[in-house]
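Inside the fold
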Amino acid sequence: MNVQETIYRNYQKLTLQESPGTVPAGRLPRHKEVVLLFDLIDKARPGEHIDVTGARPAPRNLVQALRAPRLRRACRRMSARMG
């Protein structure tokens, strides 16, 4: 590691979870991790209800992701609209 060329950056990592009241009985709430940078750091506090809009990075294994049924259907719908 070259200390002279290392860039340090502040960030905040959140774990978003579905509201338990909206989850059907017998199912666990889904969750996603979100990383906040720059002016968004410390804007959200634990327990707050927030809306998040952003871009998700591409999966590391794109072939495996394309085999996922939900993503295949979305790709077909997009290609049908474009073509």
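The structure this text deals with has already been given above.
Here is a short report on the structure shown in this document. (Residues numbered from 1 in each chain as written. Predicted model: local features only at pLDDT ≥ 70, side-chain atom pairs only at ≥ 80, totals over all residues. Heavy atoms only, no water.)

Some details on unusual backbone geometry
With a phi close to 55 degrees, Phe38 is a non-glycine residue in the positive phi region. Relative to the assigned elements, Phe38 resides in the loop between β2 (31–37) and α1 (62–66). Its identity as a non-glycine residue notwithstanding, Asp42 has a phi of 65 degrees, on the positive side. Residue position: Asp42 is located in the loop between β2 and α1. (Helix = DSSP H or I, 4+ residues; strand = E, 2+ residues; numbered from the N terminus.)

Here's the deal with a nonpolar patch on the surface
A grouping of Met1, Val3 and Tyr8 is seen on the molecular surface, where their side chains present a nonpolar patch of about 460 Å² in accessible area. For Val3, the position within the fold is in the segment before β1 (11–17). (Patch = residues over 30% accessible without salt bridge, like charges linked within 9 Å, V, L, I, M, F, W, Y side chains within 5 Å. Areas by Shrake-Rupley, 256 points an atom, 1.4 Å probe, with all protein chains shown as cover. Salt bridge = Lys/Arg side-chain N within 4 Å of Asp/Glu carboxyl O.)

Points about the environment of Val35
Structurally, Val35 is set in strand β2. Between the alpha carbons of Val35 and Tyr11 there is a distance of 6.7 Å; along the sequence they are 24 residues apart. With residues up to four places along the chain from it excluded, the contact list for Val35 reads Tyr11, Gln12 and Lys13. (Contact = heavy atoms within 4.5 Å.)

Structural notes on the pattern of salt bridges
Summed over all chains, the structure comprises 2 salt bridges. With a shortest N-O distance of 4.0 Å, Lys13 and Glu33 are connected by a salt bridge. Within this pair, whereas Lys13 is found in strand β1, its partner Glu33 is found in strand β2, the two being separated by 20 residues in sequence. Given a relative accessible area of 54%, Glu33 falls into the exposed group. Between Glu18 and Arg30 there is a salt bridge; the shortest N-O distance is 2.7 Å. (Buried < 20%, exposed > 50% of the residue type's maximum accessible area, 1.4 Å probe, protein only.)

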